[in-house]
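This is what each chain is made of:
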Protein chains: 2
Amino acid sequence: MAQDKENTERILRPLPTLSDVAQAAGVALSTASKALNGQGKLRPETRERVLEAAKQLGFRPNDLAQSLVRGRSFTVGLLSTDNYGRFSIPLVTGIEDALVNAQISVFLCNTLGSPEREQQHLDSLLAKHVDGIIVTSDRTNSRAPIDLGKLDLPVIYAYTRVEDPNVLCILPDDEQGARLAVEHLIKQGRRHFAHITGPVYFEAVQLRAKEMRAVLGEHDIPFTERRVLSGAWEESWGYEAANILLDRDPLIDAIFCGSDQIARGVVDGLRERGIRVPEDIAITGFDNWEVMATAVRPPLTTVDLNLHELGKLAGTRLLQMIDGQRPTGIERVPCSLVVRESSAAQSKSIQTKSKIQQREA
Amino acid sequence: MAQDKENTERILRPLPTLSDVAQAAGVALSTASKALNGQGKLRPETRERVLEAAKQLGFRPNDLAQSLVRGRSFTVGLLSTDNYGRFSIPLVTGIEDALVNAQISVFLCNTLGSPEREQQHLDSLLAKHVDGIIVTSDRTNSRAPIDLGKLDLPVIYAYTRVEDPNVLCILPDDEQGARLAVEHLIKQGRRHFAHITGPVYFEAVQLRAKEMRAVLGEHDIPFTERRVLSGAWEESWGYEAANILLDRDPLIDAIFCGSDQIARGVVDGLRERGIRVPEDIAITGFDNWEVMATAVRPPLTTVDLNLHELGKLAGTRLLQMIDGQRPTGIERVPCSLVVRESSAAQSKSIQTKSKIQQREA
């Protein structure tokens, strides 16, 4: 690392001001201002001279000064209450998409799960007079509302929820997503369902399981609670659960999984038992975490949470709130189904053969 | 979504100003200012009354106004030239760690790979008078420098590089990381090496392969270029390459992989050929992408890029540049080795047996 004295001095040179531009162009300060704002009556060559001087000097109008005048900072804070995880990535790009198009810049604030750090970030955002705050998380479970003291600032909770009817929470439509997956499996001729999913204290786990039961009921497909296995959001749980399930009940021909990671463990577990996916058992995941879903052999049919769209909607709603609207309640964004090979129609002959083999084993 | 007229009006209420505080406390503007800044000679009860009024009103000093006075905005831009990927996550938390502790806020700017969007973000950052910019990417390959026109602003490239000796690029030490993995495999008694890695046009791919050859040379371990297979950064490539490699040369007892994803495909490919990891062949990955490395069966020994530390260093260096220093060149952050089960010492008897079986097959 070399130090460069000359460069160091260049760095400390202050940014050019409007009066530098006026001086360089040989005009009054008010003339320079008019020329740069495209306002007032000026001779074209004067305006041209000012613009050229501004360009030469690298002059830029100061947003900070404009913010003070307009009473808006054109910034918002993005408060992430967990470590950034894979769910945050499409969410954040969606939020940015909506806001960048409205010329609004986003302050990134990661609380790393610490309440002190959250308060430090909030103080800093409020001192910077942000126009609003979006709170996100790595999970959709509920959290405490952020504490803004006396301030009444637009706040949106995206992919996380608070138990307060006066705020707006934007969440994926877990029930509708579960319906898509289960109806798809039924259309493939599947009738013997199981569900391997995450911890029961997740609202998403409860909603998806409930909707699966509802859809099966609508189609008069019998289902027993013994076929719901709830554990960790991990591949190893999927692997273990597939073995528990098949030991109990080899007749299963469809497993609706609560995440792509769980589904991957399930597929690996079934392969090692000699059970073929999708010929013997069709599998669906949840999340459409592409790097995971496409690496499963065969590639995984799964429910996409449309987190980029969810993020965009959060950004759009925040803009509406900054403009004075005040939407409240829970808004759910529809999921979609991405069909890959793990859920193809049943192949009767192969399935019968392998099930007989398995019973004999 | 319910609209609430009363709430809408509350939202539009302007933030309390210093003069609101002065009025509420029944003091002059200058007195309120002194009380809030903790300066000047005031009676304790007067200061107390002003602080109480500020608290009641939810008054906060305006950073924007202070920025104009101090000529610094206490903000920096984080320009991400790719979609945020898993590499960005620890990098960004590290950058934030360093800057938040210095009371600096980070503007998030994702270019989504579009030059127009990059310029739009840069214009916005410069208009907001950021104190510096950190440019990051999802890959360490070189990119064009950002265009700041006439401005001489502190800029750091983190986990990406530009071909310009006058800027500072912070990168992982790929050579040292490769050395850690290969020396570890040698210590486990391995002598028949292969390397399955990503596309050759990646600088990281070139550096790691070069260092592997150097380390093997130092230990007089023979190596042939036929045992280097270069392909996509994907599990499916690892799976395919493992099969190509073992068809050619069943004597291999160590595979140094260029990524965790590739390593996972390799392990799956070997398992299905009846080759045991680590008894027959020891495997190491690169990245320590935990969700991937721990899901491999057996869990993967891998090189950690220490991206959180890399991000922290980028933040620290930017602070030094804002203070007038001007480090340049390439600074490399050491990797570390995370030892899990995939690289245990060789088990001679088992290995000999399985290799004989394979030759007979």
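In this convention, every chain numbers its residues from 1, walking through the sequence in written order. The naming scheme follows written order: chains are lettered A onward, ligands numbered 1 onward. Reporting in this predicted model follows two pLDDT cut-offs: at least 70 for local features of residues, and 80 or more for side-chain atom pairs to be given and counted; totals over whole chains, interfaces and linings ignore these cut-offs and use all residues. Side-chain measures were taken over the full set of non-hydrogen atoms in the model, leaving aside hydrogen atoms and water.

A. Focus on the overall build of chain A. Counting its secondary structure elements, chain A contains 14 helices and twelve strands. To sort residues, take the accessible area from a 1.4 Å probe on protein chains only and compare it with the maximum for the residue type: under 20% means buried, over 50% means exposed, and anything in between is partly exposed. For chain A, the residues scored as buried account for 56% of the 361 residues in total. Every helix listed is a DSSP run of H or I at least four residues long, and every strand listed is a run of E at least two residues long, numbered separately from the N terminus.

B. Focus on the packing of helix 2 (residues 18–25) of chain A against helix 4 (residues 44–57) of chain A. All names here are of chain A. Interaxial angle, 0 to 180 degrees, is taken between N-to-C directions of lines fitted to C-alpha atoms, where a helix line uses only the stretch in contact. For the pair helix 2 and helix 4, the least separation of the axes is 9 Å and the interaxial angle reads 120°. When the axes of helix 2 and helix 4 are compared, the pair comes out oblique. Here helix 2 and helix 4 pass one another in a crossing that is right-handed. Residues Asp20, Val21, Ala24 and Ala25 of helix 2 pack against Arg49, Val50, Ala53, Ala54 and Leu57 of helix 4. Orientation is classified from the angle alone, with under 35 degrees giving roughly parallel, over 145 giving roughly antiparallel, 65 to 115 giving roughly perpendicular, and any other angle giving oblique. Helix crossings get a hand from a simple test, with the near helix turned counterclockwise from the far one by less than a right angle marking a left-handed crossing and a clockwise turn marking a right-handed one. Whether two residues are in contact is decided by their heavy atoms: any pair within 4.5 Å suffices.

C. Representation of the packing of aromatic side chains. Residue and element names in this part refer to chain B. Stacked, edge-to-face and tilted are the three classes for Phe, Tyr and Trp ring pairs, Trp counted by its six-membered ring, which pair at centre distances within 6.5 Å; planes under 30 degrees apart are stacked, over 60 edge-to-face, the rest tilted. In this structure the tally under the stated criterion is eight aromatic pairs over all chains. Each ring, one from Phe256 and one from Phe286, has its centre 6.2 Å from the other, and the planes form 55°; the classification is tilted. One end of the pair, Phe256, is in strand 8 (residues 254–257); the other, Phe286, is in strand 9 (residues 282–287), and 30 residues separate them in sequence. In this structure, Phe256 and Phe286 share a single accessibility class: buried.

D. Main features of unusual backbone geometry. Residue and element names in this part refer to chain A. Cis geometry is adopted by the peptide bond preceding Pro298, which originates at Arg297 and carries an omega value of 0°. In this fold, Pro298 is placed in the loop between helix 12 (290–293) and strand 10 (301–304). A positive phi angle, near 125°, is found at Asp287, a position not held by glycine. Along the chain, the position of Asp287 falls in strand 9 (residues 282–287). Even without a glycine there, the phi angle at Asn288 is positive, about 50°. Examined against the element boundaries, Asn288 turns out to sit in the loop between strand 9 and helix 12.

E. View of helix 4 of chain A. Residue and element names in this part refer to chain A. Take the number of residues in a helix, subtract one, and multiply by 1.5 Å to get its expected span. Its 14 residues give helix 4 an end-to-end C-alpha distance of 20 Å, which sits within 8% of 20 Å, the value for a rise of 1.5 Å per residue. Those residues of helix 4 that sit buried are Thr46, Val50, Ala53 and Ala54. Looking straight down helix 4, one finds that the buried residues subtend no more than 100° of arc, so they occupy a single side. Opposite its buried face, helix 4 presents the exposed residues Pro44 and Lys55, each directed more than 90 degrees away. Remark: Gly58 follows helix 4 within two positions and exhibits a positive phi of approximately 75°. Read the arc as the range of directions from the helix axis to the C-beta atoms.

F. Structural context of the sheet that holds strand 12 (residues 336–338) of chain B. Residue and element names in this part refer to chain B. A sheet is described by the order of its strands in space; here six strands give the open sequence 7-6-8-9-10-12, paired in mixed fashion. If you trace the sheet from one side to the other, it starts and ends with strand 7 (228–230) and strand 12, each paired once. Averaged over all adjacent pairs, the angle separating strand axes in this sheet is 20°, with direction ignored. The pairing criterion for strands is at least two bridges between them, as found by DSSP. Pairing of strand 8 with strand 9 involves three bridges; the strand directions are parallel. The residue of strand 9 that forms the bridge with Ala254 is Ala282. Its contacts with the sheet place helix 8 (residues 174–187) against strand 6 (193–197), strand 8, strand 9, strand 10 (301–304) and strand 12, and it is angled at close to 165° to strand 9. Sheet strands in contact with helix 10 (residues 235–248) are strand 6, strand 7 and strand 8, and its direction is about 150° off that of strand 6.

G. Examining the pairing of strand 2 (residues 105–110) of chain B more closely. Taking burial as the measure, the six residues of strand 2 of chain B include six buried ones, the bulk of the element. With burial as the criterion, each face of strand 2 of chain B is covered, one bearing Ser105, Phe107 and Cys109 of chain B and the other bearing Val106, Leu108 and Asn110 of chain B. Here strand 2 (residues 105–110) of chain A runs beside strand 2 of chain B; their pairing, made up of three bridges, is antiparallel. In the strand pairing of strand 2 of chain B, Leu108 of chain A is matched with Val106 of chain B. With six bridges connecting them, strand 1 (residues 75–80) of chain B and strand 2 of chain B associate as parallel partners. Its bridge partner lying in strand 2 of chain B, Val76 of chain B is registered against Val106 of chain B.

H. Here's a closer look at the pairing of strand 3 (residues 132–136) of chain B. Residues and elements named next belong to chain B. Of all the five residues making up strand 3, five are buried; the element is thus mostly covered by neighbouring parts of the structure. Here strand 3 shows a buried face lined by Gly132, Ile134 and Thr136 and a second buried face lined by Ile133 and Val135. Sheet analysis places strand 1 next to strand 3, joined by five bridges and oriented parallel. Directly across from Ser80, in strand 3, lies its bridge partner Thr136. Inspection of the sheet shows strand 3 paired to strand 4 (residues 155–158) by four bridges, in the parallel sense. Within the sheet, the bridge partner assigned to Ile134 lies in strand 4 and is Ile156.

I. Main features of the sheet that holds strand 4 of chain B. Reading across the sheet, the twelve strands line up as 11(A)-5(A)-4(A)-3(A)-1(A)-2(A)-2(B)-1(B)-3(B)-4(B)-5(B)-11(B) and stay open at both edges, with mixed pairing between neighbours. Only two strands of the sheet have a single neighbouring strand rather than two, namely strand 11 (329–333) of chain A together with strand 11 (329–333) of chain B. On average, adjacent strands in this sheet sit at an angle of 25° to one another, irrespective of strand direction. Contacts between helix 6 (residues 88–100) of chain B and the sheet are confined to strand 2 of chain A together with strand 1, strand 2, strand 3 and strand 4 of chain B, with strand 2 of chain A contributing the most and set at about 90° to the helix.

J. Representation of the confidence of the model for chain A in the model. Residue and element names in this part refer to chain A. The score called pLDDT rates the predictor's confidence residue by residue, from a low of 0 to a high of 100. Taken residue by residue, chain A gives an average pLDDT of 86. The fraction at 70 or more is 87%. Below pLDDT 50 for its whole length, residues 1–13 participates in 26 contacts with residues either more than four positions away or in separate chains. Every residue in residues 349–361 scores below 50 in pLDDT, and together they form 17 contacts with partners more than four places removed in sequence or on other chains.

K. How the structure looks around the side chain of Thr75 of chain B. Mapped onto the secondary structure, Thr75 of chain B falls in strand 1. Side-chain atoms alone can form a polar contact between residues adjacent in sequence; in general such a contact is a pair of N or O atoms within 3.5 Å, and within protein one must be able to donate a hydrogen while the other accepts it. Looking at Thr75 of chain B, its side chain comes within polar contact range of the side chain of Ser73 of chain B, at 2.6 Å. Ignoring anything within four residues of it in the chain, the contact list for Thr75 of chain B reads Phe107 and Lys128 of chain A together with Ile104, Ser105, Phe107, Lys128, His129, Val130, Asp131 and Gly132 of chain B.

L. Highlighting the packing of helix 10 (residues 235–248) of chain A against helix 11 (residues 260–272) of chain A. Residue and element names in this part refer to chain A. The geometry of helix 10 relative to helix 11 is characterised by a closest axis approach of 6 Å and an angle of 45° between their N-to-C directions. Taken as axis vectors, helix 10 and helix 11 run oblique relative to one another. In this structure, helix 10 meets helix 11 at a crossing whose hand is right-handed. Residue-level contacts link Glu235, Trp237, Gly238, Tyr239, Ala242, Asn243 and Leu246 of helix 10 to Gln261, Ile262, Arg264, Gly265, Val266, Asp268, Gly269, Leu270 and Glu272 of helix 11. Residue classes in the contact of helix 10 with helix 11 are distributed as seven nonpolar, five polar and four charged. Under this grouping Gly is polar, as are all residues other than the nonpolar Ala, Val, Leu, Ile, Met, Phe, Trp, Tyr, Cys and Pro and the charged Asp, Glu, Lys and Arg.

M. Spatial organisation of the environment of Ala232 of chain B. All names here are of chain B. Here Ala232 is to be found in the loop between strand 7 and helix 10. Judged by relative accessible area, which is 31%, Ala232 ranks as partly exposed. Sequence separation between Ala232 and Ile196 is 36 residues, and the spatial gap between their C-alpha atoms is 10.0 Å. Residues in contact with Ala232, not counting those within four places in the same chain, are Thr197, Trp237 and Ile262.

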